[in-house]
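Architecture at a glance
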Amino acid sequence: ENLRFNGMTGAFVDFIGTVTNLTGRGLMSADEMFKAINFKGEVHAQAHRRATQLGLEGDDYIKVYNDLVAHPDEAITVKALDESHINTFTNQLGSKARKMQQLLESDPTGISKIFIPFFRTPVNILNFAWERTPLLQFANRTLRDELRGGRNADPAVKQLAYAKIGTSTAIW
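A brief look at the structure comes next. Remember, it's a predicted structure, so these values are computed and weren't measured experimentally. Starting from 1, residues in each chain are numbered consecutively following that chain's sequence as written. Per-residue local features are limited, in this predicted model, to residues with pLDDT of at least 70; the limit for side-chain atom pairs, both in listing and counting, is 80 or more; totals at the level of whole chains, interfaces and linings are taken over all residues. Think of the side-chain values as coming from all heavy atoms in the structure, minus any hydrogens and water.

**Things to note about the environment of Arg120**
Each helix corresponds to a stretch of at least 4 residues labelled H or I by DSSP, and each strand to a stretch of at least 2 residues labelled E; elements are numbered beginning at the N terminus. For Arg120, the position within the fold is in helix α6 (residues 120–131). Measuring from C-alpha to C-alpha, the distance between Arg120 and Phe89 comes to 7.7 Å, with 31 residues separating the pair along the chain. With sequence-adjacent residues up to four places away left out, Arg120 is seen in contact with Phe89, Thr90, Asn91, Gln92, Leu93 and Gln101. In what follows, residue pairs with any heavy atoms lying within 4.5 Å of each other are defined as contacts.

Okay, here's the thing in structure tokens:
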């Protein structure tokens, strides 16, 4: 439609556009599916933690757990959304990377999108690797915050930060 082709030529151009967009649609669908899987998993994990922190056991535990899974409160929902973005490498970038992304997106020619079609996910994957590389990991602000309890006071976050360090050191 945008190219103003009619008849067979227009149908062919539309067909090529549809075929070209299929891979992008497939990637977006898979991304959303994995976000949903991670979201539900984190809702269950948060419900378990909350019911355990309340000291509940037996039927009381099951009732509270099932209620939190069926009707998660805002804190659980926010945590689950954050984790689903982190686990699919679509979380927000840091300030420097965000400025770089804005620079790429502000290119009026669109040429930068041809050479760098994806920015956020590769940067998050590199950051993930950085957090798990011995010696380099201590330069990572997120990991330092997790070790200090800066991101939140959850002891599980601190334990996971120590596990990242221990695992990466053992592998290297």
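**A look at the nonpolar core**
Formed by Val43, Ala47, Ala51, Tyr61, Tyr65, Leu68, Val69, Ile76 and Ala80, the largest nonpolar core amounts to nine residues. Listing elements by their share of this core, those giving two or more residues are α1 (7–53), α2 (58–70) and α3 (74–87). In terms of residue count, α2 provides more of this core than any other element does, four residues in total. Those residues in contact with Tyr65, other than ones at most four positions away along the chain, are His44, Ala47, His48 and Ala51. In these notes, a set of buried Ala, Val, Leu, Ile, Met, Phe, Trp, Tyr and Cys residues joined through side-chain atoms within 4.5 Å is what counts as a nonpolar core. When a residue's accessible area, from a 1.4 Å probe over protein chains only, is under 20% of the maximum for its type it is buried; when over 50% it is exposed; and in between it is partly exposed.

**Observations concerning unusual backbone geometry**
Despite not being glycine, Phe89 shows a phi value in the positive range, around 60°. Topologically, Phe89 is positioned in the loop between α3 and α4 (95–105).

**Some words on the pattern of salt bridges**
The rule for a salt bridge is simple: a side-chain nitrogen of Lys or Arg has to be within 4 Å of a carboxyl oxygen of Asp or Glu. As enumerated under the stated definition, the model contains seven salt bridges in all. Between Asp31 and Lys35 there is a salt bridge whose closest N-O contact spans 3.0 Å. Of this pair, Asp31 and Lys35 both sit in helix α1, four residues apart, roughly one helical turn. A residue is classified by how much of its surface remains accessible, and Lys35, at 13% relative accessible area, is buried. The closest approach of N and O atoms between Arg49 and Glu42, which form a salt bridge, is 3.6 Å. Since its relative accessible area comes to 30%, Arg49 is described here as partly exposed. What makes Glu42 buried here is its relative accessible area of 13%. In this structure, a network of salt bridges that share partners links the residues Asp31, Glu32 and Lys35.

**Some points on the packing of α1 against α3**
Structural elements are reduced to axes, namely lines fitted to C-alpha atoms, with helices fitted over the stretch in contact, and the angle between N-to-C directions of any two is expressed from 0 to 180 degrees. Where α1 meets α3, the closest approach of the two axes is 8 Å, and the angle between their N-to-C directions is 135°. With respect to α3, the axis of α1 lies oblique. When you trace α1 past α3, the crossing you get is right-handed. Two secondary-structure elements touch here, α1 through Lys35, Asn38, Phe39, Glu42, Val43, Gln46, Ala47 and Arg50 and α3 through Ala75, Ile76, Thr77, Lys79, Ala80, Leu81, Glu83, Ser84, His85 and Asn87. Among the residues forming the contact of α1 with α3, the class breakdown is seven nonpolar, six polar and five charged. Any angle between 65 and 115 degrees counts as roughly perpendicular, while under 35 counts as roughly parallel, over 145 as roughly antiparallel, and the rest as oblique. Each crossing gets its handedness from the near helix: less than a right angle anticlockwise from the far helix is left-handed, clockwise is right-handed. Under this grouping Gly is polar, as are all residues other than the nonpolar Ala, Val, Leu, Ile, Met, Phe, Trp, Tyr, Cys and Pro and the charged Asp, Glu, Lys and Arg.

**Some details on the side chain of Ser112**
With respect to the helices, strands and loops of the structure, Ser112 is situated in helix α5 (residues 111–115). Excluding its chain neighbours within four sequence positions, the residues that come into contact with Ser112 are Leu104, Asp107 and Pro117.

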